[in-house]
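# Inside the fold
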Amino acid sequence: MMDSLSRIESDIPGAGIILAGDWNRANVSPVIKQFRLTQVVHFPTRGDRTLDKVLTNLTEHYEKPSPFPPFGLSDHCTVGLFPKIRSKANIPANRTVTTRAVNAESKQAFGRYMTGSTGH
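Overview of the structure. Just so you know, these numbers come straight off a predicted model, no measurement behind them. Position numbers for residues count from 1 along each chain, tracking the sequence in the order it is written. Where local features are concerned, this predicted model is filtered to residues with pLDDT of at least 70; where side-chain atom pairs are given and counted, the filter is 80 or more; whole-chain, interface and lining totals use all residues. Hydrogens are left out, water is left out, and the side-chain values use all remaining heavy atoms of the structure.

## Regarding the pairing of strand 3 (residues 52-56)
Type-normalised accessible area, obtained with a 1.4 Å probe on protein chains alone, sets the label of each residue: buried when under 20%, exposed when over 50%, and partly exposed for intermediate values. The helix count covers DSSP runs of H or I at least four residues long, the strand count covers runs of E at least two residues long, and both are numbered beginning at the N terminus. Counting buried residues in strand 3 gives 5 out of 5 residues, a clear majority hidden from the surface. Here strand 3 shows two buried faces, one formed by D52, V54 and T56 and the other by K53 and L55. For strand 1 (residues 18-22) and strand 3, the ladder comprises 5 bridges, and the chain directions are antiparallel. Following the sheet pairing, L19 is matched in strand 3 by L55. One ladder, built from 2 bridges, connects strand 2 (residues 38-39) with strand 3; its direction is antiparallel. Counterpart to Q39 in the pairing with strand 3 is L55. By definition, two strands form a pair when at least two bridges between them are found by DSSP.

As structure tokens, this is what we get:
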């Protein structure tokens, strides 16, 4: 896993990472430290233990995880992780969109400009 995450980090700097699963007794501390991840599940997922974890560097984009009943024959509760709703207050009311004329006359004028030709 460390090699895969290192490769992702080098190939796609700033990539969002979400690792989820049943970690049982796995020590996730090295992964959390090396890749600056946060463990976001803070409730028991099986009995009184938190075995199912979600490690991510995208905590600001998701609501706090919620516990749901076990799915199918599992004896682990289901972890729900939902994106935060963007407020319309964060979206600019006015924005400027710049476009270019792409008709034949404009293309010819641009071509003349680029070649230094005056068209005479």
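## Description of the packing of aromatic side chains
Two rings from Phe, Tyr or Trp (for Trp, the six-membered ring) form a pair when their centres are within 6.5 Å of each other. A pair whose planes differ by under 30 degrees is stacked, one over 60 is edge-to-face, and the rest are tilted. The full count for this structure, using the stated rule, is 1 aromatic pair. An angle of 80° between the planes, with centres 6.2 Å apart, marks the rings of F68 and F82 as edge-to-face. Placement of F68 in strand 4 (residues 66-68) and of F82 in the loop between strand 5 (78-80) and helix 3 (104-115) is noted, with a sequence separation of 14 residues between them.

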